[in-house]
Amino acid sequence: MKIGGVTIGQSPRVDVTPDILPIFGEDVELLEAGALDGLTREEIEQMKPKEDDYVLVSRLNDGSYAKFGESFILERLQGCIEKLEAEGVELIMFFCGGTFPDVFKAHVPLIYPSGLLNGVAKGLSPRSKIILITPDKEQIQQAYDQWGSVVKTLHPVAANPYGDIQEVIDAANAVKDIDADLVVMDCIGYTERSKKLVKEITGKPVIMCRTLLARVVCEMLDIS
């Protein structure tokens, strides 16, 4: 079975696949495409978020990260979808926890982690109180916009998943005493290691973008 993964950065996402391929098992072939594939860092730096643009952060092939505006990559994401469809995938996952406008055309299901995280977090938070870890301080207001209608009380904190792991540790320590039902790690870049650290420091349940995405896709496609 072939399934697709679209990243807003550059593919392949060798930082993501070690945590999700074991969930899919040996009968699944993952094909990838990236909105920034083939671009130089200089070209990507020209995509800095415009005023009121939706801010995105993703990994590049050299292991570094870039921050850019959503408006620059929508057409390129459509191209990624078409490429993966031509390669015969049955489903396409977005390797990004952000929200996107309803502009993409596809003949196979498109699975967005944001919707999955919203629904699961709401269902697992009896008091409607969550802590949200997001990649960049410029995304804090976006977090309120995205989650404001989902939960009653939101405590966002920034920690770059592509930087020093100390950022995640510091973020967890900053929110460990906050009264909340659970922690949501709202970026595909956060790893199993970072999830374990956050759980140890906060003592709270943690749900993570990449593994939740993979497990829901397994359920949807009856992969065991």
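Our subject is the structure listed above.
Residues numbered from 1 in each chain as written. Predicted model: local features only at pLDDT ≥ 70, side-chain atom pairs only at ≥ 80, totals over all residues. Heavy atoms only, no water.

> What's the story with the nonpolar core in this structure? I'm lost.
The biggest cluster of nonpolar side chains holds 50 residues, and the ones touching the most others in it are F24, M93, W147, V184 and V217. Top element by residues in this core is helix α8 (residues 209-221). It accounts for 7 residues. What W147 contacts, discounting residues up to four positions off in sequence, is L117, N118, A121, I130, L132, L154, V184 and D186. Core analysis: the second largest hydrophobic core is formed by 27 residues, M47, L60, I73 and F100 among them. (Core = buried A, V, L, I, M, F, W, Y, C linked by side-chain atoms within 4.5 Å. Buried < 20%, exposed > 50% of the residue type's maximum accessible area, 1.4 Å probe, protein only. Helix = DSSP H or I, 4+ residues; strand = E, 2+ residues; numbered from the N terminus. Contact = heavy atoms within 4.5 Å.)

> Could you clarify how one ought to interpret unusual backbone geometry in this entry?
Most peptide bonds adopt trans geometry, and most residues besides glycine take a negative phi value. The peptide bond linking S11 to P12 adopts the cis configuration, its omega dihedral lying at 0°. Mapping P12 onto the fold places it in the loop between β1 (2-7) and α1 (17-24). The residue D52 is not glycine, and still its phi comes out positive at about 70°. In this structure, S128 takes a positive phi of about 60° despite not being glycine. Tracing the backbone shows S128 in the loop between α4 (113-124) and β7 (129-134).

> Explanation requested: the pattern of salt bridges in the structure shown.
Where side chains of opposite charge bring their charged atoms close, a pairing between them can arise. Counted under the stated rule, the structure contains 10 salt bridges. When the shortest N-O distance is used, the salt bridge between K67 and E138 registers 2.8 Å. Of the two residues, K67 sits in strand β4 (residues 65-69) while E138 sits in the loop between β7 and α5 (140-147), which places them 71 residues apart along the sequence. Exposure remark for K67: the relative accessible area of 30% places this residue in the partly exposed category. E87 is the partner of K83 in a salt bridge, and the nearest nitrogen-oxygen pair spans 3.0 Å. For E87, a relative accessible area of 31% translates into the label partly exposed. Residues joined in a network through salt bridges with shared partners are R13, D15, D19, R59 and R210. (Salt bridge = Lys/Arg side-chain N within 4 Å of Asp/Glu carboxyl O.)

> Please clarify how the sheet that holds strand β9 (residues 182-185) should be interpreted in this entry.
Strands in a sheet are paired, the pairing made by backbone hydrogen bonds, and the direction either parallel or antiparallel. Reading across the sheet, the 4 strands line up as β8-β7-β9-β10 and stay open at both edges, with parallel pairing between neighbours. Strands with a single pairing partner mark the edges of an open sheet, and in this sheet they are β8 (153-158) and β10 (206-208). Each strand of the sheet is rotated relative to its neighbour by a mean of 20°, with strand direction disregarded. Note: β9 against β10, 3 bridges, orientation parallel. Among the inter-strand pairings, V183 is bridged to a residue of β10, identified as V206. Against the sheet, α5 makes contact with β7, β8 and β9, and its axis sits at roughly 150° relative to β8, the strand it touches most. (Pairing = 2+ DSSP bridges. Axes fitted to C-alpha atoms, helices over the stretch in contact; angles between N-to-C directions.)

> Teacher, can you tell me more about α5 here?
Spacing of three or four residues puts side chains on the same side of an α-helix, whose turn is 3.6 residues. Turning to α5, its buried residues are Q142, A143, Q146 and W147. One side of α5 carries all its buried residues, which in axial view fall inside an arc of 115°. Against the buried residues of α5 lie β3 (55-59), α4, β7, β8 and β9. (Arc of directions from axis to C-beta.)

> How do you make sense of the packing of aromatic side chains when you look at a structure like this?
For any pair of aromatic rings, geometry is given as the distance between the ring centres together with the angle between the planes. Throughout the structure, instances matching the rule amount to 5 aromatic pairs. Relative to Y112, the ring of F94 lies with its centre 4.7 Å away and its plane at 35°, an arrangement referred to as tilted. Taken together, the positions of F94 in strand β5 (residues 92-95) and Y112 in the loop between β6 (110-111) and α4 put the pair 18 residues apart, joining distant regions of the chain. Of the residues examined, F94 reaches a relative accessible area of 0% and is grouped as buried. Through successive ring pairs, a cluster of aromatic residues spans F94, F100, F104 and Y112. (Phe/Tyr/Trp six-rings, centres within 6.5 Å; stacked < 30°, edge-to-face > 60°.)

> Sorry if this is basic, but what is going on with the sheet that holds strand β2 (residues 29-34) here?
With parallel pairing, the 4 strands of this open sheet are ordered in space as β2-β1-β5-β6. What marks the edges here is a single partner per strand, and that holds for β2 and β6. Sheet analysis places β1 next to β2, joined by 6 bridges and oriented parallel. Opposite I3, over in β2, you have L30 as the bridge partner. Of the strands in this sheet, β1, β2 and β5 touch α1, which is tilted by about 145° from β2. Sheet strands touched by helix α3 (residues 74-86): β1, β2, β5 and β6. Its angle to β2, the strand with the most contacts, is close to 150°.

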